[in-house]
Amino acid sequence: MAAVTLTNVVKRFGGFEVVHGANIDIADGEFVVFVGPSGCGKSTLLRMVAGLEDISGGEIAIGGKVVNDVEPADRGVAMVFQSYALYPHMTVEQNLSFGLRMNGNPKADTERRVKRAAEILRIDELMQRRPKQLSGGQRQRVAIGRAIVREPQVFLFDEPLSNLDAELRVQMRVEISRLHKELGVTMIYVTHDQTEAMTLADRIVVLKSGNVEQIGAPLDLYDDPSNRFVAGFIGSPKMNFLKGKVTEISNSAAIIELVNHGGAKLRKPLGQELPAVGAEVVLGVRPEHFCEAGEGDCDIPVKADVAEHLGSVSYVYANAGPEELVIEREASRQRAGDDHFTVSIKAERSLLFDKAGARIR
Amino acid sequence: MRYRNATAYRFLTPYLLIFAIFWIWPIISSFIISFQATRTVPWRFAPTFNWGRLIGDPAFYNALKNTLLILVIQVPVMISLAIVMAVLLNSPLLKARGLYRFAFFAPVVVGEVAYSAVFRLMFSLDFGIVNKLLDSVGLSKIDWFSNVTPAMAVIMIAVTWRWAGYNAIILLAGLQSIPDDVYEAATLDRVSKLKQFFYITLPLLKPVIVFCAVLSIIGTMQLFTEPFLITERGGPGGGTETLGLLLYRQGFRSLNFGYASAVAYTMAGLAIAITLVQLWLTRDPK
Ligand SMILES: Nc1ncnc2c1ncn2[C@@H]1O[C@H](COP(=O)(O)OP(=O)(O)O)[C@@H](O)[C@H]1O
Ligand SMILES: [Mg+2]
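In this report, the structure presented in the accompanying data block is examined. Fair warning: this is a prediction, and the values are worked out from it, not measured in the lab.

This brings us to the overall build of chain A. The secondary structure content of chain A amounts to eight helices and 21 strands. Once the C-alpha set of chain A is aligned to its principal axes, its extents read approximately 75 × 45 × 35 Å. In chain A, buried positions account for 53% of the 361 residues. Put simply, of all contacts in chain A between residues at least 6 apart along the chain, 66% involve residues at least 24 apart. Put simply, chain A shows about 15700 Å² of open surface, and 47% of that area lies on carbon and sulfur atoms. One way to put it: in chain A the 43 positive side-chain charges average out to a point 4 Å from where the 49 negative ones average out.

See the structure below:
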């Protein structure tokens with residue numbers, strides 16, 4: 001068991017900096033997910049923790065001990081790779097025991113560990129098969145099993161589910177959660193899929209172009225994102241962003257004109273930092289936070305373009321001037337032919353961002 | 001559908017015709033000739049004439065012994081060398097990889113006569129660089145071409161020089177098809193680089209190694225150029241005569257086509273037999 005601390009971690013490939021000073025504190029036993037778009041440096045960070053990449057600057061500590069110059073095998077970490085990285089010429093059993101056998105671990109102990117991993121992952125029947133005789137989900141289990149056998153202090157997962165089909169992904173997600181409960185060890189999990197992040201994480205680290213944008217519990221990020229990027233990245237379907245302009249400041253509230261919606265105005269109460277009158281702002285509204293005409297603080301008429309009916313709810317893709325909005329409606333309210341309708345925005349269920357994307361609270 | 005097939009075959013006809021005349025027919029014909037006495041006019045059918053002679057011919061056993069000796073020593077040495085070269089070529093530390101790849105491959109492209117001439121020069125008694133080097137480190141000169149053992153060594157060195165790089169390039173392609181993350185997983189499993197080589201690289205490379213070995217066995221079974229040009233027609237005194245040379249001597253110098261055909265079939269049969277044994281020994285379990 002071990003906490004993992006990243007202090008001002010920098011990574012450069014040649015002269016090109018891809019991680020710009022990451023500070024992340026991971027508590028012992030915590031399940032932390034690094035999430036962000038492809039190429040943002042998630043894998044690089046994880047591989048630095050594993051020791052597969054050198055650390056160009058800053059420090060990484062595992063269990064209180066700085067590991068910058070510690071060999072990968074001595075860091076007490078185990079990694080599950082996106083492509084599984086199983087040894088193709090070995091049976092499942094040999095795959096699981098290979099590392100222990102190569103290091104002269106006592107035979108009885110090796111057998112005990114392999115047996116335990118096989119039981120946890122329910123792969124007992126597959127022990128004599130080779131990787132190419134396994135399905136994707138089974139390979140994934142073996143890859144996780146190989147990590148379990150090492151009895152590491154920290155598990156590292158790099159997009160472990162991205163090669164699986166949707167159904168299996170959900171199933172394996174649950175299993176990984178269960179595994180975390182069962183083993184109680186620290187896990188760092190990398191994914192580009194915000195749903196995976198939301199469902200698995202104790203805490204999420206949102207990354208963008210090598211910068212940590214925000215760290216927090218899933219619902220904190222959902223309710224209270226600190227910038228427009230996090231607001232747009234967390235939540236599915238994505239948050240809507242409506243262009244606005246501050247027309248008036250009064251009583252620590254801003255009157256915002258939604259410029260693409262025929263002068264509709266919203267009064268948004270704010271804290272200390274008030275924007276200037278005339279400032280361009282962006283109003284963020286989640287699809288599920290629109291309400292019916294008259295129920296909110298600002299009505300805007302929209303024209304439905306496409307509707308996706310999921311059963312309990314429908315997602316309506318609507319045009320409102322040049323902006324496309326996604327609106328969640330109760331299925332019963334969205335009927336065919338009902339193209340023009342009005343939705344309403346509640347001030348307390350909307351988020352305000354300045355032009356650069358920083359949150360105005 | 002049938003019409004389309006017919007059209008396809010019509011387009012293939014010129015090729016098939018040439019293939020039949022210059023490949024299939026000689027193969028069949030030499031098989032028949034190997035059962036004929038060809039030094040009488042007209043040739044006559046005499047099933048044991050050539051094959052009977054072959055079984056008792058000391059020249060044949062000499063050539064067979066030489067060929068197998070080269071095979072047994074040169075092929076494993078060359079393949080091992082090629083594996084080492086491929087691993088070095090694949091190293092991320094290596095700069096100018098393209099240059100090395102070309103340099104390793106180049107010997108195959110060099111003309112056989114030119115390459116043989118250079119090897120003769122390098123190993124010449126008085127002017128050769130090899131003897132100069134031996135001399136400079138205080139060893140006595142070797143008369144490479146007058147004694148059988150050194151002459152065999154020269155042939156093996158020459159063949160290895162010519163083909164090791166070629167095999168290394170094929171093996172390199174095999175190495176590059178092994179994904180990096182398998183090695184990364186092994187590194188995290190605390191498996192040393194050396195153990196990674198023996199427990200991961202070699203087993204995963206096995207099919208390519210077998211492929212190279214089969215190619216080399218077939219090539220060495222037919223060995224001709226080097227003993228013909230470098231050791232002057234299998235010299236000294238037939239000490240480096242191979243089956244390929246024996247075939248040439250019988251077929252094209254003594255014009256004994258029947259006997260030469262029997263030798264040719266023996267070579268092919270041996271190559272197939274050795275290859276099958278090789279494939280059987282290195283087969284995948286299950
Ligand atoms: N070995 C490497 N050499 C050079 N650049 C690299 C290397 N590995 C990754 N990068 C770059 O670093 C950035 C982050 O990569 P990565 O961590 O793999 O992203 P992610 O896993 O978030 O998709 C990308 O711009 C990528 O091109
Ligand atoms: Mg990645």
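A word on the side chain of Thr-275 of chain B. Residue and element names in this part refer to chain B. Inspection of the secondary structure puts Thr-275 in helix α12 (residues 257–281). Exposure remark for Thr-275: the relative accessible area of 11% places this residue in the buried category. Once you skip the residues sitting within four places of it in the chain, Thr-275 turns out to touch Val-214, Ile-217 and Ile-218.

Residue and element names in this part refer to chain A. Around ligand 1, the neighbouring residues are Phe-13, Val-18, Ser-38, Gly-39, Cys-40, Gly-41, Lys-42, Ser-43 and Thr-44. One nitrogen or oxygen atom from the main chain of Cys-40 is found 3.2 Å from an oxygen atom belonging to ligand 1. One of the backbone nitrogen or oxygen atoms of Lys-42 is found 3.0 Å away from an oxygen atom of ligand 1. Broken down by element, the residue count for the shell around ligand 1 peaks at three residues, all from helix α1 (residues 42–50). Within the shell around ligand 1, the residues separate by chemical class into three nonpolar, five polar and one charged.

Further remarks concern the packing of aromatic side chains. Residues and elements named next belong to chain B. Taken as a whole and assessed by the stated rule, the structure comprises 27 aromatic pairs over all chains. Joined through ring pairs, the aromatic side chains of Trp-43, Phe-224, Phe-228, Tyr-248, Phe-252 and Phe-257 make up one cluster. If you follow Arg-53 out to its NZ or CZ, it ends over the ring of Tyr-259, 3.9 Å from the centre. The ring of Trp-280 has Arg-283 lying over it, and the distance from NZ or CZ to the ring centre is 4.7 Å.

Each value, and the rule that gives it
- All residue numbers refer to position in the chain's written sequence, counted from 1.
- Labels are handed out in written order, letters beginning with A for the chains and numbers beginning with 1 for the ligands.
- Selection of residues for local features in this predicted model requires a pLDDT of at least 70, selection of side-chain atom pairs for listing and counting requires 80 or more, and totals for whole chains, interfaces and linings are taken over all residues.
- The side-chain numbers reported here are obtained from all heavy atoms of the structure, hydrogens and water having been left aside.
- Strands are runs of DSSP state E lasting at least 2 residues, helices are runs of H or I lasting at least 4, and numbering of each runs from the N terminus.
- Note on classification: 1.4 Å probe, protein chains only; a residue is buried when its accessible area is under 20% of the maximum for its type, exposed when over 50%, partly exposed between these limits.
- The contact criterion used is simple: two residues touch if any of their non-hydrogen atoms lie within 4.5 Å.
- Here the Shrake-Rupley method, with its probe set to 1.4 Å, supplies the accessible areas, and only the displayed protein chains count as covering residues.
- Charge counting treats Lys and Arg as positive and Asp and Glu as negative, with His and both chain ends excluded.
- For charged residues, the charge sits on one atom: NZ in Lys, CZ in Arg, CG in Asp, CD in Glu.
- Being near a molecule or strand, for a residue, comes down to having at least one heavy atom within 4 Å of it.
- Polar contacts here mean pairs of N or O atoms no more than 3.5 Å apart (in protein, one a potential hydrogen donor and the other a potential acceptor; neighbouring residues in sequence count only if both atoms are side-chain atoms).
- Any residue outside Ala, Val, Leu, Ile, Met, Phe, Trp, Tyr, Cys, Pro, Asp, Glu, Lys and Arg is labelled polar, Gly included; the first ten of those are nonpolar and the last four are charged.
- Put simply, two rings from Phe, Tyr or Trp (the six-membered ring, in Trp's case) pair if the centres are within 6.5 Å, and we call them stacked under 30 degrees between planes, edge-to-face over 60, tilted for the rest.
- For a Lys NZ or an Arg CZ to count as sitting over a ring, it must be within 6 Å of the ring centre and within 35 degrees of the ring normal.

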